[in-house]
Amino acid sequence: MKNRNILLIREAFRAYKNKRYEEAAALLEKIITITHDPYPYFLLCVSYLLSSRFSESERIIRKLKKTDPDYLPLLQLESFLYLKAASEIHSVIAAYIDRIDQFPGNKYFRHALSSLRKVKDFAVFQKQARLNSFVCVPKPGRIDIQADSSASYHSYKKITKIKGNRAFRPVRFLLIFSVIILICVSAAYYYFNYYSKGKKPAPVTNSPLDSINIDVSRYDLIDKIKTEKPPVFYYSSEEVLKDFNKAKTLIKNKEYNNAIILINKLENSNANFKVKERINFLRKFISGIEYRTYTQIPVHKILKTPYLYRGVNVEWNGKISNLKEKNNKLAFDLLVDYKDEDIFSGIVDVYSDKNLLKQKIINGDMVSIKGIYINTIGENKLYLVADSIRKTN
């Protein structure tokens with residue numbers, strides 16, 4: 001029986017390589033009934049995706065995340081799905097920076113980030129992005145599969161099961177991937193019903209925001225089965241509802257930065273997926289706002305709780321260092337609040353399109369920068385995508 005299962009796995013992989021995805025899925029459906037090994041589930045998920053069976057793929061992702069949430073090919077697939085579903089490039093760059101922070105040696109995450117930094121038209125890049133360029137679908141190695149339902153897990157020798165820091169699940173700050181199909185459908189629904197009819201976001205009574213609600217009377221808003229304590233912990237559904245409604249009010253009052261901070265708070269909390277599905281819409285709503293104000297937030301304040309500030313519009317002054325230019329893109333370090341050689345409040349890694357510049361800049365220039373805070377690299381370096389750069393010296 002064991003040898004037969006090994007042959008089925010290899011036959012399924014051959015069918016997958018030859019783009020016979022329905023055939024691969026049929027073979028793998030037999031295998032997963034007798035094993036907990038992540039590989040057949042992962043290959044089945046990919047086969048479903050490539051044969052447009054999205055709801056079935058989502059079901060397998062959800063199952064695999066419960067049994068093996070740190071399985072590296074799955075993490076690559078989740079990042080790719082987020083790339084395909086995201087409304088703007090900044091959050092995708094942030095997601096891949098987080099993955100590289102977890103897995104610095106992974107060439108697929110590094111390739112993705114390198115490709116994203118060269119993008120001129122994100123919509124075109126997103127449409128043309130292919131799974132095999134961003135996700136490693138490994139060959140089946142030597143497999144131990146036991147039909148006994150009580151059998152312990154056995155891994156492929158050619159596939160390394162990497163356990164990351166369970167307390168640091170960065171891509172949770174972007175989306176709950178296991179319900180990504182639901183999120184995409186929800187976003188498409190609201191887009192069709194509101195934006196396609198020519199309505200623009202505005203702080204009025206009939207705002208599309210009014211239709212985005214969570215009902216505390218129908219279900220608990222807190223996830224009670226998390227295996228670790230998240231950065232933000234709510235003790236009651238009423239607390240979750242209060243912050244959610246406050247975020248909506250802030251958006252209506254055009255206080256977008258404060259709204260983003262509350263959205264990030266909810267996203268990095270023990271609020272359940274129903275809440276996070278709705279706050280994803282609020283985030284998309286804000287990302288569609290053309291004009292937003294910029295806030296001078298102290299670097300040390302962001303470093304203390306970086307997850308709260310992802311996507312916030314910030315303005316910093318400082319000195320340019322380590323300037324590099326490639327493919328009409330700029331990258332440099334900004335020594336924020338620079339006073340003297342060793343006197344500045346922090347270092348920001350700035351990424352910018354050269355076309356933003358009205359004046360040539362060089363190392364040593366003092367500048368004022370407005371942009372979107374993306375994430376923290378390492379322990380004390382912030383990452384910013386610039387919207388404008390102005391010389392001040």
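Here's a quick rundown of the structure. (Residues numbered from 1 in each chain as written. Predicted model: local features only at pLDDT ≥ 70, side-chain atom pairs only at ≥ 80, totals over all residues. Heavy atoms only, no water.)

**Comments concerning the overall build of the protein chain**
Alright, step 1. Within the protein chain, the regular secondary structure consists of 14 helices and five strands.
Alright, step 2. Put simply, of all contacts in the protein chain between residues at least 6 apart along the chain, 63% involve residues at least 24 apart. (Helix = DSSP H or I, 4+ residues; strand = E, 2+ residues; numbered from the N terminus. Contact = heavy atoms within 4.5 Å.)

**Observations concerning the environment of Ala386**
Alright, step 1. Within the secondary structure layout, Ala386 lies in strand 5 (residues 381–391).
Alright, step 2. Classification of Ala386 by relative accessible area gives buried; the value is 6%.
Alright, step 3. Each C-alpha atom, one on Ala386 and one on Tyr373, is 8.7 Å from the other, the two residues being 13 residues apart in sequence.
Alright, step 4. Those residues within four positions of Ala386 in sequence are excluded, and the remaining contacts are Val350, Tyr351, Ser352, Leu356, Ile369, Lys370 and Gly371. (Buried < 20%, exposed > 50% of the residue type's maximum accessible area, 1.4 Å probe, protein only.)

**Let's talk about the sheet that holds strand 2 (residues 329–336)**
Alright, step 1. The strand order around the closed barrel built from five strands is 1-2-3-5-4, with neighbouring strands paired in mixed fashion. Across the sheet, the mean angle separating the axes of adjacent strands is 50 degrees when strand polarity is ignored.
Alright, step 2. Relative to strand 4 (residues 366–377), strand 1 (residues 313–326) is paired through seven bridges, and the arrangement is antiparallel. Bridging across to strand 4, Glu315 finds its partner in Lys370. (Pairing = 2+ DSSP bridges. Axes fitted to C-alpha atoms, helices over the stretch in contact; angles between N-to-C directions.)

**Some thoughts on the packing of aromatic side chains**
Alright, step 1. In the structure shown here, the tally under the stated rule is nine aromatic pairs.
Alright, step 2. Ring geometry for Tyr16 and Tyr21: centres 6.0 Å apart, planes at 50 degrees, overall tilted.
Alright, step 3. Judged by centre distance (6.1 Å) and plane angle (75 degrees), the rings of Phe42 and Tyr71 are edge-to-face. Taken as a pair, Phe42 in helix 3 (residues 38–50) and Tyr71 in the loop between helix 4 (54–67) and helix 5 (72–85) lie far apart in primary sequence, 29 residues in all.
Alright, step 4. Classification of Phe42 as buried rests on a relative accessible area of 0%.
Alright, step 5. The exposure class assigned to Tyr71 is buried, which follows from its relative accessible area of 1%.
Alright, step 6. By way of ring pairs, the aromatic residues Phe13, Tyr16 and Tyr21 are connected into one cluster. (Phe/Tyr/Trp six-rings, centres within 6.5 Å; stacked < 30°, edge-to-face > 60°.)

**Description of helix 3**
Alright, step 1. With 13 residues, helix 3 ought to run about 18 Å at 1.5 Å a step, and its terminal C-alpha atoms sit 19 Å apart, in line with that.
Alright, step 2. The buried count for helix 3 comes to twelve of 13 residues, which makes it a mostly enclosed element.
Alright, step 3. Put simply, Asp37 is the residue that caps the front of helix 3, since its side-chain oxygen is 3.2 Å from the backbone nitrogen of Tyr39.
Alright, step 4. With its phi angle positive at about 65 degrees, Ser52 sits one or two positions after the end of helix 3. (Expected span 1.5 Å × (residues − 1). Polar contact = N/O pair within 3.5 Å; in protein donor to acceptor, adjacent residues only side chain to side chain.)

**Quick look at the packing of helix 11 (residues 237–252) against helix 13 (residues 273–287)**
Alright, step 1. Their axes nearest at 11 Å, the elements helix 11 and helix 13 cross at an angle of 15 degrees. Relative to helix 13, the element helix 11 lies roughly parallel. Every pair of crossing elements has a handedness; the one defined by helix 11 and helix 13 is left-handed. The residues of helix 13 that touch helix 11, namely those facing Val240, Phe244, Ala247, Lys248 and Ile251, are Val275, Arg278, Ile279, Leu282, Phe285 and Ile286.
Alright, step 2. Residue composition of the contact of helix 11 with helix 13, grouped by class: nine nonpolar, no polar and two charged. (Parallel < 35°, antiparallel > 145°, perpendicular 65-115°, else oblique. Left-handed = near helix turned anticlockwise from the far one by under 90°. Nonpolar A, V, L, I, M, F, W, Y, C, P; charged D, E, K, R; others polar.)

**Points about the environment of Pro73**
Alright, step 1. By the element assignment, Pro73 lies in helix 5.
Alright, step 2. Pro73 sits 61 residues away from Phe134 along the chain, and the two C-alpha atoms are 10.0 Å apart.
Alright, step 3. Not counting the four nearest positions on each side in its chain, Pro73 is found in contact with Phe42, Val135 and Cys136.

**Brief notes about unusual backbone geometry**
Most peptide bonds take the trans form, and the phi angle of most residues other than glycine is negative.
Alright, step 1. If you check the backbone angles, Ser52 has positive phi at about 65 degrees while not being a glycine.
Alright, step 2. Relative to the helices and strands, Ser52 resides in the loop between helix 3 and helix 4.
Alright, step 3. Here the phi dihedral of Asp337 falls at roughly 55 degrees; this positive angle occurs in a residue that is not glycine.
Alright, step 4. Counting through the fold element by element, Asp337 comes out in the loop between strand 2 and strand 3 (346–353).
Alright, step 5. Overall, the relative accessible area of 40% leaves Asp337 in the partly exposed class.

Remember, this is a structural readout, not a statement about activity or role.
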